[in-house]
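Summary of structural features
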Amino acid sequence: MASPRITVIGLGYLGATHAAAMAELGFEVLGLDVVPEKMRKLEQGSAPMFEPGLEELLRSHVAGVEGSSGRLRFTDSWEEIAAFGDIHFLCVNTPQKHGEYGCDMSYVDRAVDSLAPHLERPALVVGKSTVPVGSAERLAARIAALAPAGADAELAWNPEFLREGFAVKDTLHPDRIVIGVGGPRAEALLRDVYATPVAEGTPFLVTDFPTAELVKTSANSFLATKISFINAMAEVCEAAGGDVVKLAEAIGHDDRIGRKFLRAGIGFGGGCLPKDIRAFMARAGELGASEALTFLREVDSINMRRRAQMVELAREALGGALLGKRIAVLGATFKPDSDDVRDSPALNVAGQLHLQGAQVTVYDPKGMHNARAVFPTLGYAPSALDAARGADVVLHLTEWAEFKELDPAALGDVTAARHILDGRNTLDPTLWRKAGWTFRALGRPTL
Ligand code: UDX
(Lines give C-alpha, C1' and ligand atoms only; values in the text may rest on other atoms or scores of the structure.)
Protein backbone atom coordinates (compact mmCIF):
# COMPACT_ATOMS: atom_id res chain seq x y z
CA MET A 1 0.00 0.00 0.00
CA ALA A 2 1.29 3.49 -0.84
CA SER A 3 1.98 5.73 2.14
CA PRO A 4 -1.20 7.45 3.28
CA ARG A 5 -1.27 11.21 2.73
CA ILE A 6 -1.84 13.17 5.89
CA THR A 7 -3.53 16.44 6.75
CA VAL A 8 -3.37 18.26 10.06
CA ILE A 9 -6.20 20.63 10.98
CA GLY A 10 -5.36 23.15 13.72
CA LEU A 11 -1.70 24.15 13.96
CA GLY A 12 -1.15 25.16 17.59
CA TYR A 13 1.20 23.42 20.08
CA LEU A 14 -0.31 20.08 19.21
CA GLY A 15 -0.97 20.43 15.48
CA ALA A 16 2.21 22.26 14.41
CA THR A 17 4.31 19.67 16.22
CA HIS A 18 2.25 16.76 14.88
CA ALA A 19 2.46 18.05 11.29
CA ALA A 20 6.24 18.46 11.49
CA ALA A 21 6.63 15.05 13.15
CA MET A 22 4.54 13.33 10.46
CA ALA A 23 6.77 14.89 7.78
CA GLU A 24 9.82 13.72 9.74
CA LEU A 25 8.39 10.17 9.68
CA GLY A 26 8.32 10.41 5.88
CA PHE A 27 4.69 11.31 5.11
CA GLU A 28 3.45 14.00 2.74
CA VAL A 29 1.58 16.46 4.97
CA LEU A 30 -0.83 19.33 4.30
CA GLY A 31 -1.73 21.62 7.22
CA LEU A 32 -4.61 24.05 7.73
CA ASP A 33 -5.34 26.62 10.43
CA VAL A 34 -8.03 29.28 10.47
CA VAL A 35 -5.60 31.91 11.87
CA PRO A 36 -3.82 33.42 8.82
CA GLU A 37 -0.81 34.83 10.79
CA LYS A 38 -0.04 31.36 12.13
CA MET A 39 -0.09 29.90 8.62
CA ARG A 40 2.14 32.69 7.29
CA LYS A 41 4.76 31.97 9.94
CA LEU A 42 4.63 28.24 9.33
CA GLU A 43 4.96 28.70 5.57
CA GLN A 44 8.30 30.37 6.22
CA GLY A 45 9.45 27.52 8.45
CA SER A 46 8.94 29.51 11.69
CA ALA A 47 7.22 28.06 14.74
CA PRO A 48 4.13 30.01 15.85
CA MET A 49 5.21 29.50 19.51
CA PHE A 50 8.43 28.77 21.38
CA GLU A 51 8.93 25.03 21.63
CA PRO A 52 12.43 23.54 21.80
CA GLY A 53 13.41 21.81 18.53
CA LEU A 54 10.19 22.66 16.67
CA GLU A 55 11.58 25.37 14.44
CA GLU A 56 14.47 23.13 13.36
CA LEU A 57 12.03 20.33 12.53
CA LEU A 58 9.79 22.69 10.56
CA ARG A 59 12.74 24.07 8.61
CA SER A 60 13.72 20.51 7.67
CA HIS A 61 10.37 19.85 6.04
CA VAL A 62 8.40 22.98 5.09
CA ALA A 63 8.23 23.25 1.29
CA GLY A 64 10.12 26.27 -0.02
CA VAL A 65 12.63 26.41 2.84
CA GLU A 66 16.11 25.87 1.43
CA GLY A 67 17.35 22.32 1.92
CA SER A 68 13.99 21.05 3.26
CA SER A 69 12.36 17.75 2.30
CA GLY A 70 9.37 19.77 1.00
CA ARG A 71 7.01 17.22 2.57
CA LEU A 72 5.09 19.77 4.67
CA ARG A 73 2.81 22.32 2.98
CA PHE A 74 -0.10 24.50 4.09
CA THR A 75 -3.42 25.58 2.63
CA ASP A 76 -6.52 27.46 3.71
CA SER A 77 -8.78 25.44 1.41
CA TRP A 78 -10.97 22.70 2.88
CA GLU A 79 -11.51 21.30 -0.64
CA GLU A 80 -7.75 20.90 -1.04
CA ILE A 81 -7.44 19.29 2.40
CA ALA A 82 -10.18 16.77 1.58
CA ALA A 83 -8.83 16.00 -1.89
CA PHE A 84 -5.27 15.53 -0.61
CA GLY A 85 -5.67 13.51 2.56
CA ASP A 86 -6.28 9.85 3.30
CA ILE A 87 -5.98 10.60 7.02
CA HIS A 88 -7.06 13.91 8.59
CA PHE A 89 -5.76 14.67 12.08
CA LEU A 90 -7.98 17.07 14.05
CA CYS A 91 -5.74 19.07 16.38
CA VAL A 92 -7.87 22.13 17.16
CA ASN A 93 -8.10 23.40 20.71
CA THR A 94 -10.89 22.64 23.16
CA PRO A 95 -10.71 25.48 25.73
CA GLN A 96 -12.81 25.87 28.87
CA LYS A 97 -16.21 27.44 28.14
CA HIS A 98 -16.43 31.08 29.12
CA GLY A 99 -17.71 31.36 32.69
CA GLU A 100 -18.40 27.65 33.20
CA TYR A 101 -16.56 24.37 33.71
CA GLY A 102 -17.53 22.55 30.50
CA CYS A 103 -15.39 22.11 27.40
CA ASP A 104 -15.94 24.41 24.42
CA MET A 105 -16.31 22.03 21.47
CA SER A 106 -17.09 24.75 18.92
CA TYR A 107 -13.65 24.59 17.21
CA VAL A 108 -13.85 20.80 16.81
CA ASP A 109 -17.45 20.97 15.60
CA ARG A 110 -16.62 23.72 13.11
CA ALA A 111 -13.63 21.77 11.76
CA VAL A 112 -15.75 18.65 11.25
CA ASP A 113 -18.55 20.65 9.61
CA SER A 114 -16.04 22.30 7.25
CA LEU A 115 -14.23 19.10 6.30
CA ALA A 116 -16.89 16.38 6.15
CA PRO A 117 -18.98 17.75 3.23
CA HIS A 118 -15.86 17.52 1.02
CA LEU A 119 -14.98 13.90 1.86
CA GLU A 120 -15.88 12.21 -1.41
CA ARG A 121 -13.67 9.13 -1.13
CA PRO A 122 -12.73 6.80 1.75
CA ALA A 123 -10.97 8.81 4.47
CA LEU A 124 -10.10 8.51 8.13
CA VAL A 125 -10.62 11.52 10.42
CA VAL A 126 -8.53 11.16 13.57
CA GLY A 127 -9.38 13.27 16.61
CA LYS A 128 -6.42 14.23 18.79
CA SER A 129 -7.93 17.09 20.80
CA THR A 130 -8.93 16.49 24.44
CA VAL A 131 -12.72 16.13 24.42
CA PRO A 132 -15.54 15.16 26.77
CA VAL A 133 -16.20 11.43 26.67
CA GLY A 134 -18.96 10.68 24.16
CA SER A 135 -17.76 13.26 21.61
CA ALA A 136 -16.17 10.69 19.27
CA GLU A 137 -19.39 8.74 18.87
CA ARG A 138 -21.32 11.94 18.14
CA LEU A 139 -18.70 13.19 15.66
CA ALA A 140 -18.45 9.82 13.87
CA ALA A 141 -22.19 9.94 13.17
CA ARG A 142 -21.96 13.55 12.03
CA ILE A 143 -19.10 12.81 9.62
CA ALA A 144 -20.89 9.81 8.11
CA ALA A 145 -24.04 11.94 7.69
CA LEU A 146 -22.32 14.95 6.09
CA ALA A 147 -19.71 13.21 3.92
CA PRO A 148 -20.61 12.24 0.32
CA ALA A 149 -18.49 9.10 1.02
CA GLY A 150 -20.98 8.15 3.79
CA ALA A 151 -19.78 5.32 6.03
CA ASP A 152 -16.45 5.27 4.14
CA ALA A 153 -15.59 8.50 5.95
CA GLU A 154 -14.60 7.03 9.31
CA LEU A 155 -13.47 8.46 12.63
CA ALA A 156 -10.85 7.30 15.13
CA TRP A 157 -9.75 8.86 18.42
CA ASN A 158 -6.04 9.12 19.14
CA PRO A 159 -5.39 11.21 22.27
CA GLU A 160 -2.17 13.15 22.49
CA PHE A 161 -0.08 13.18 25.64
CA LEU A 162 2.64 15.67 24.68
CA ARG A 163 4.02 18.05 27.27
CA GLU A 164 4.90 21.60 26.31
CA GLY A 165 8.65 22.05 26.36
CA PHE A 166 9.04 18.41 25.24
CA ALA A 167 6.49 18.44 22.42
CA VAL A 168 8.87 17.30 19.66
CA LYS A 169 10.38 14.50 21.73
CA ASP A 170 6.98 13.37 23.05
CA THR A 171 5.52 13.31 19.51
CA LEU A 172 8.37 11.45 17.83
CA HIS A 173 9.01 9.10 20.78
CA PRO A 174 5.73 8.82 22.68
CA ASP A 175 5.58 6.60 25.76
CA ARG A 176 2.37 5.01 24.44
CA ILE A 177 -0.01 5.33 21.51
CA VAL A 178 -3.71 4.91 22.21
CA ILE A 179 -6.32 4.64 19.49
CA GLY A 180 -10.07 4.34 19.86
CA VAL A 181 -11.57 2.80 16.74
CA GLY A 182 -14.88 1.59 15.39
CA GLY A 183 -13.41 -0.96 12.97
CA PRO A 184 -10.34 -2.75 11.56
CA ARG A 185 -9.66 -0.34 8.64
CA ALA A 186 -8.98 2.57 11.02
CA GLU A 187 -6.68 0.40 13.12
CA ALA A 188 -4.71 -0.77 10.06
CA LEU A 189 -4.25 2.80 8.79
CA LEU A 190 -3.05 4.06 12.18
CA ARG A 191 -0.68 1.11 12.61
CA ASP A 192 0.82 2.21 9.30
CA VAL A 193 1.15 5.85 10.45
CA TYR A 194 2.81 4.90 13.73
CA ALA A 195 4.94 2.00 12.39
CA THR A 196 8.22 3.76 13.29
CA PRO A 197 7.60 4.47 17.00
CA VAL A 198 5.93 1.05 17.38
CA ALA A 199 9.00 -0.63 15.83
CA GLU A 200 11.09 1.29 18.39
CA GLY A 201 9.06 -0.32 21.17
CA THR A 202 6.25 2.19 21.89
CA PRO A 203 3.21 0.29 23.23
CA PHE A 204 0.20 0.52 20.88
CA LEU A 205 -3.17 0.18 22.61
CA VAL A 206 -6.41 -0.27 20.71
CA THR A 207 -9.65 0.59 22.52
CA ASP A 208 -13.22 1.69 21.89
CA PHE A 209 -14.10 5.39 21.56
CA PRO A 210 -15.05 6.19 25.17
CA THR A 211 -12.00 4.45 26.62
CA ALA A 212 -9.63 6.36 24.32
CA GLU A 213 -11.25 9.67 25.27
CA LEU A 214 -11.14 8.76 28.97
CA VAL A 215 -7.47 7.71 28.89
CA LYS A 216 -6.51 11.30 28.22
CA THR A 217 -8.74 12.97 30.80
CA SER A 218 -7.95 10.39 33.47
CA ALA A 219 -4.18 10.67 32.85
CA ASN A 220 -4.34 14.45 33.25
CA SER A 221 -6.56 14.10 36.34
CA PHE A 222 -4.06 11.71 37.89
CA LEU A 223 -1.18 14.12 37.24
CA ALA A 224 -3.14 17.06 38.66
CA THR A 225 -4.05 14.97 41.71
CA LYS A 226 -0.43 14.03 42.30
CA ILE A 227 0.61 17.71 42.27
CA SER A 228 -2.25 18.75 44.54
CA PHE A 229 -1.51 15.85 46.88
CA ILE A 230 2.04 17.09 47.45
CA ASN A 231 0.78 20.66 47.73
CA ALA A 232 -1.68 19.53 50.41
CA MET A 233 1.28 17.94 52.22
CA ALA A 234 3.05 21.31 51.87
CA GLU A 235 0.14 22.95 53.71
CA VAL A 236 0.45 20.39 56.50
CA CYS A 237 4.23 20.89 56.59
CA GLU A 238 3.68 24.64 56.94
CA ALA A 239 1.37 24.01 59.91
CA ALA A 240 3.62 21.41 61.54
CA GLY A 241 7.06 22.78 60.71
CA GLY A 242 7.99 19.98 58.30
CA ASP A 243 9.86 20.14 55.00
CA VAL A 244 7.79 19.08 51.97
CA VAL A 245 10.85 18.80 49.70
CA LYS A 246 12.43 16.16 51.92
CA LEU A 247 9.05 14.50 52.43
CA ALA A 248 8.47 14.26 48.64
CA GLU A 249 11.90 12.75 48.14
CA ALA A 250 11.35 10.21 50.88
CA ILE A 251 7.90 9.04 49.74
CA GLY A 252 9.00 9.12 46.07
CA HIS A 253 11.62 6.43 46.71
CA ASP A 254 8.73 4.00 47.03
CA ASP A 255 8.43 3.09 43.38
CA ARG A 256 4.69 2.53 43.72
CA ILE A 257 4.54 6.28 44.35
CA GLY A 258 7.47 7.47 42.18
CA ARG A 259 9.38 10.73 42.42
CA LYS A 260 7.96 12.53 39.38
CA PHE A 261 5.22 15.16 39.71
CA LEU A 262 5.80 15.55 43.44
CA ARG A 263 7.29 19.02 43.31
CA ALA A 264 5.36 21.26 45.68
CA GLY A 265 5.00 24.94 44.86
CA ILE A 266 2.47 27.37 43.39
CA GLY A 267 0.82 24.51 41.54
CA PHE A 268 -0.22 23.56 38.05
CA GLY A 269 -1.41 25.81 35.24
CA GLY A 270 -1.29 25.88 31.46
CA GLY A 271 -3.75 25.14 28.71
CA CYS A 272 -4.43 21.54 29.78
CA LEU A 273 -4.51 20.32 33.39
CA PRO A 274 -6.77 23.05 34.92
CA LYS A 275 -9.37 23.07 32.15
CA ASP A 276 -9.24 19.31 31.63
CA ILE A 277 -10.11 18.46 35.24
CA ARG A 278 -12.95 21.02 35.20
CA ALA A 279 -14.34 19.73 31.91
CA PHE A 280 -14.08 16.16 33.26
CA MET A 281 -16.15 17.09 36.32
CA ALA A 282 -18.73 18.82 34.13
CA ARG A 283 -19.01 15.80 31.85
CA ALA A 284 -19.27 13.36 34.77
CA GLY A 285 -22.17 15.49 36.02
CA GLU A 286 -23.95 15.16 32.67
CA LEU A 287 -23.42 11.40 32.80
CA GLY A 288 -24.86 11.16 36.34
CA ALA A 289 -21.43 10.17 37.71
CA SER A 290 -20.43 13.42 39.43
CA GLU A 291 -19.75 11.69 42.77
CA ALA A 292 -16.89 9.76 41.16
CA LEU A 293 -15.03 13.00 40.56
CA THR A 294 -15.86 15.20 43.55
CA PHE A 295 -12.24 14.79 44.66
CA LEU A 296 -11.17 16.78 41.59
CA ARG A 297 -12.94 19.81 43.05
CA GLU A 298 -10.57 19.52 46.01
CA VAL A 299 -7.61 19.04 43.66
CA ASP A 300 -8.60 22.31 41.96
CA SER A 301 -9.06 24.23 45.23
CA ILE A 302 -5.75 23.07 46.72
CA ASN A 303 -4.11 24.25 43.50
CA MET A 304 -5.70 27.71 43.64
CA ARG A 305 -4.96 28.05 47.40
CA ARG A 306 -1.22 27.70 46.74
CA ARG A 307 -1.26 30.84 44.58
CA ALA A 308 -2.98 32.74 47.41
CA GLN A 309 -0.46 31.36 49.92
CA MET A 310 2.39 32.71 47.78
CA VAL A 311 0.82 36.17 47.93
CA GLU A 312 0.56 35.82 51.75
CA LEU A 313 4.20 34.76 51.99
CA ALA A 314 5.19 37.89 50.05
CA ARG A 315 3.04 40.06 52.32
CA GLU A 316 4.68 38.51 55.40
CA ALA A 317 8.17 38.99 53.97
CA LEU A 318 7.31 42.65 53.42
CA GLY A 319 6.24 43.18 57.02
CA GLY A 320 2.49 42.84 56.44
CA ALA A 321 1.81 45.42 53.70
CA LEU A 322 2.10 45.24 49.93
CA LEU A 323 1.16 48.82 49.04
CA GLY A 324 4.01 50.56 47.21
CA LYS A 325 6.47 47.71 47.85
CA ARG A 326 8.78 46.72 44.99
CA ILE A 327 8.54 43.07 44.02
CA ALA A 328 10.69 41.31 41.42
CA VAL A 329 8.97 38.31 39.83
CA LEU A 330 11.17 35.75 38.09
CA GLY A 331 9.06 33.77 35.64
CA ALA A 332 5.76 34.42 33.85
CA THR A 333 5.10 31.23 31.90
CA PHE A 334 3.20 28.29 33.42
CA LYS A 335 6.33 26.14 33.14
CA PRO A 336 9.89 26.51 31.84
CA ASP A 337 10.91 25.94 28.19
CA SER A 338 7.63 27.32 26.95
CA ASP A 339 6.33 30.81 26.14
CA ASP A 340 2.81 29.82 27.19
CA VAL A 341 1.19 31.99 29.88
CA ARG A 342 -2.28 30.41 29.73
CA ASP A 343 -3.55 30.03 33.32
CA SER A 344 0.00 30.61 34.52
CA PRO A 345 0.32 30.44 38.33
CA ALA A 346 3.33 32.81 38.09
CA LEU A 347 1.46 35.50 36.20
CA ASN A 348 -1.57 35.03 38.41
CA VAL A 349 0.51 35.64 41.56
CA ALA A 350 2.21 38.65 39.93
CA GLY A 351 -1.22 40.01 39.00
CA GLN A 352 -2.65 39.54 42.51
CA LEU A 353 0.33 41.39 44.04
CA HIS A 354 -0.07 44.21 41.54
CA LEU A 355 -3.80 44.52 42.22
CA GLN A 356 -3.03 44.78 45.94
CA GLY A 357 -0.82 47.80 45.37
CA ALA A 358 2.70 46.37 44.97
CA GLN A 359 5.01 47.60 42.23
CA VAL A 360 5.69 44.38 40.36
CA THR A 361 8.45 43.91 37.79
CA VAL A 362 8.47 40.65 35.84
CA TYR A 363 11.21 38.95 33.88
CA ASP A 364 10.79 35.72 31.91
CA PRO A 365 13.25 34.26 29.38
CA LYS A 366 10.62 33.51 26.68
CA GLY A 367 7.20 34.57 27.92
CA MET A 368 7.50 38.39 28.01
CA HIS A 369 5.56 39.02 24.80
CA ASN A 370 2.62 36.83 25.82
CA ALA A 371 2.69 38.07 29.42
CA ARG A 372 2.56 41.71 28.30
CA ALA A 373 -0.42 40.93 26.08
CA VAL A 374 -2.34 39.37 29.00
CA PHE A 375 -1.19 41.75 31.74
CA PRO A 376 0.02 45.02 30.20
CA THR A 377 -0.12 46.95 33.50
CA LEU A 378 2.68 44.98 35.17
CA GLY A 379 6.27 46.22 34.93
CA TYR A 380 8.62 44.22 32.70
CA ALA A 381 12.43 44.11 32.72
CA PRO A 382 14.86 42.66 30.16
CA SER A 383 16.77 40.45 32.64
CA ALA A 384 16.54 38.92 36.10
CA LEU A 385 19.08 41.45 37.35
CA ASP A 386 17.10 44.38 35.96
CA ALA A 387 13.86 43.06 37.46
CA ALA A 388 15.57 42.74 40.85
CA ARG A 389 17.03 46.27 40.86
CA GLY A 390 15.73 48.06 43.97
CA ALA A 391 13.36 45.18 44.87
CA ASP A 392 12.21 44.68 48.46
CA VAL A 393 11.63 40.99 47.74
CA VAL A 394 12.34 38.58 44.86
CA LEU A 395 9.82 35.86 43.95
CA HIS A 396 10.94 32.79 42.00
CA LEU A 397 7.75 31.60 40.27
CA THR A 398 8.75 29.60 37.14
CA GLU A 399 11.70 27.23 37.37
CA TRP A 400 13.71 28.25 34.28
CA ALA A 401 17.22 26.78 34.30
CA GLU A 402 18.76 30.26 34.14
CA PHE A 403 17.27 31.16 37.55
CA LYS A 404 19.05 28.21 39.13
CA GLU A 405 22.31 29.62 37.76
CA LEU A 406 21.75 33.10 39.25
CA ASP A 407 24.56 34.37 41.45
CA PRO A 408 22.90 35.26 44.80
CA ALA A 409 25.70 37.71 45.69
CA ALA A 410 25.41 39.65 42.41
CA LEU A 411 21.61 39.76 42.68
CA GLY A 412 21.86 40.87 46.31
CA ASP A 413 24.01 43.84 45.23
CA VAL A 414 21.16 45.36 43.19
CA THR A 415 18.15 44.65 45.44
CA ALA A 416 16.99 46.88 48.29
CA ALA A 417 16.76 43.84 50.59
CA ARG A 418 17.96 40.26 50.41
CA HIS A 419 14.59 38.46 50.60
CA ILE A 420 13.83 35.62 48.22
CA LEU A 421 10.72 33.43 48.10
CA ASP A 422 10.89 30.20 46.12
CA GLY A 423 7.49 29.30 44.69
CA ARG A 424 8.84 26.28 42.81
CA ASN A 425 11.18 24.63 45.30
CA THR A 426 14.03 24.31 42.85
CA LEU A 427 16.52 26.84 44.28
CA ASP A 428 19.15 25.76 46.77
CA PRO A 429 18.34 27.43 50.13
CA THR A 430 21.88 26.89 51.49
CA LEU A 431 23.44 28.80 48.62
CA TRP A 432 21.13 31.79 49.06
CA ARG A 433 21.34 31.86 52.84
CA LYS A 434 25.15 31.75 52.63
CA ALA A 435 25.01 34.93 50.52
CA GLY A 436 23.02 36.65 53.25
CA TRP A 437 19.51 36.17 51.88
CA THR A 438 16.39 35.43 53.88
CA PHE A 439 15.11 32.40 51.97
CA ARG A 440 11.52 31.20 52.30
CA ALA A 441 9.61 28.62 50.28
CA LEU A 442 6.17 27.02 50.23
CA GLY A 443 5.99 23.98 52.51
CA ARG A 444 9.47 24.44 53.98
CA PRO A 445 10.51 25.62 57.42
CA THR A 446 11.71 29.19 57.98
CA LEU A 447 15.23 29.32 59.35
C1 UDX B 1 0.16 18.23 30.60
C2 UDX B 1 0.42 16.72 30.63
O3 UDX B 1 1.61 16.46 31.34
C4 UDX B 1 0.50 16.17 29.21
O5 UDX B 1 0.67 14.78 29.22
C6 UDX B 1 -0.79 16.54 28.47
O7 UDX B 1 -0.73 16.11 27.12
C8 UDX B 1 -1.02 18.04 28.50
O9 UDX B 1 -1.02 18.50 29.86
P10 UDX B 1 1.71 20.37 30.15
O11 UDX B 1 0.48 21.21 30.29
O12 UDX B 1 2.67 20.67 29.05
O13 UDX B 1 1.31 18.83 29.98
O14 UDX B 1 2.52 20.52 31.52
P15 UDX B 1 3.06 19.57 32.67
O16 UDX B 1 4.49 19.28 32.46
O17 UDX B 1 2.15 18.45 32.93
O18 UDX B 1 2.97 20.60 33.90
C19 UDX B 1 1.70 21.16 34.26
C20 UDX B 1 1.85 22.13 35.41
O21 UDX B 1 2.14 21.42 36.61
C22 UDX B 1 2.96 23.17 35.26
O23 UDX B 1 2.43 24.42 35.66
C24 UDX B 1 4.03 22.68 36.20
O25 UDX B 1 4.81 23.74 36.72
C26 UDX B 1 3.20 22.04 37.30
N27 UDX B 1 3.92 21.00 38.05
C28 UDX B 1 4.39 19.88 37.41
C29 UDX B 1 4.09 21.13 39.43
O30 UDX B 1 3.66 22.14 40.04
N31 UDX B 1 4.73 20.15 40.13
C32 UDX B 1 5.22 19.04 39.53
O33 UDX B 1 5.78 18.19 40.24
C34 UDX B 1 5.05 18.90 38.13
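Residues numbered from 1 in each chain as written. Predicted model: local features only at pLDDT ≥ 70, side-chain atom pairs only at ≥ 80, totals over all residues.

Some thoughts on the overall build of the chain
Across its full length, the chain holds 19 helices and 14 strands. In terms of overall size, the chain behaves like a compact globule, its C-alpha atoms giving a radius of gyration of 24 Å where 447 residues would be expected to give roughly 22 Å. The dimensions of the chain, computed from C-alpha atoms along their principal axes, are 70 × 55 × 40 Å. Counting the 447 residues in the chain, one finds 49% classified as buried. (Helix = DSSP H or I, 4+ residues; strand = E, 2+ residues; numbered from the N terminus. Rg over C-alpha atoms; globule rule 2.2 N^0.38 Å. Buried ≥ 20, exposed ≤ 12 C-beta atoms within 10 Å, placed from the backbone.)

Overview of the environment of Gly-412
Positionally, Gly-412 belongs in helix H18 (residues 408-414). Residue class for Gly-412 comes out partly exposed when judged on the 18 C-beta atoms lying within 10 Å of it. For the pair formed by Gly-412 and Gly-390, sequence separation is 22 residues and the distance between their alpha carbons is 9.7 Å. Once residues within four sequence positions are removed from consideration, Gly-412 is found in contact with Arg-418, Ala-435, Gly-436 and Trp-437. (Contact = placed C-beta atoms within 7 Å.)

Looking at the nonpolar core
Formed by 129 residues in total, the largest nonpolar core has its most connected members in Ile-9, Ala-314, Ile-327, Val-329, Leu-330 and Leu-395. Beyond its immediate chain neighbours, meaning those up to four positions away, Val-329 contacts Ala-346, Ala-350, Val-360, Thr-361, Val-362, Ala-387, Leu-395 and Leu-397. (Core = buried A, V, L, I, M, F, W, Y, C linked by C-beta atoms within 7 Å.)

Some remarks on the environment of Gly-64
Considering the arrangement of structural elements, one finds Gly-64 in the loop between helix H3 (54-61) and strand S3 (72-74). Here Gly-64 falls in the exposed class, since 11 other C-beta atoms lie within 10 Å of it. Between the C-alpha atoms of Gly-64 and Phe-439, which are 375 residues apart in sequence, the distance is 53 Å.

Section: the pairing of strand S2 (residues 29-32)
Successive side chains on a regular strand alternate, one facing one side of the sheet and the next facing the other. Of the two faces of S2, both are covered, the one formed by Val-29 and Gly-31 as well as the one formed by Leu-30 and Leu-32. Where strand S1 (residues 6-9) meets S2, 4 bridges bridge the pair, whose relative direction is parallel. Counterpart to Val-8 in the pairing with S2 is Gly-31. In terms of strand pairing, S2 meets S3 through 3 bridges, oriented parallel. Along S3, the bridge assignment pairs Gly-31 with Phe-74. (Pairing = 2+ DSSP bridges.)

Some words on the UniProt feature "active site" (unreviewed entry) in the chain
Under the UniProt annotation, the feature "active site" (unreviewed entry) is placed at Cys-272. Position of Cys-272 relative to the elements: it lies in the loop between helix H11 (244-252) and helix H12 (273-286). The class for Cys-272 is buried, based on 25 C-beta atoms found within 10 Å. (UniProt positions renumbered as here; feature names shortened; annotations may be inferred.)

Let's talk about helix H13 (residues 294-317)
In a regular helix each residue adds 1.5 Å, so 24 residues correspond to 34 Å; H13 covers 35 Å between its end C-alpha atoms and thus fits that length. Regarding H13, the residues found buried are Leu-296, Val-299, Asp-300, Ile-302, Asn-303, Arg-306, Gln-309, Met-310, Val-311, Leu-313, Ala-314 and Ala-317. A positive phi of about 80° marks Gly-319, the residue just after H13. (Expected span 1.5 Å × (residues − 1).)

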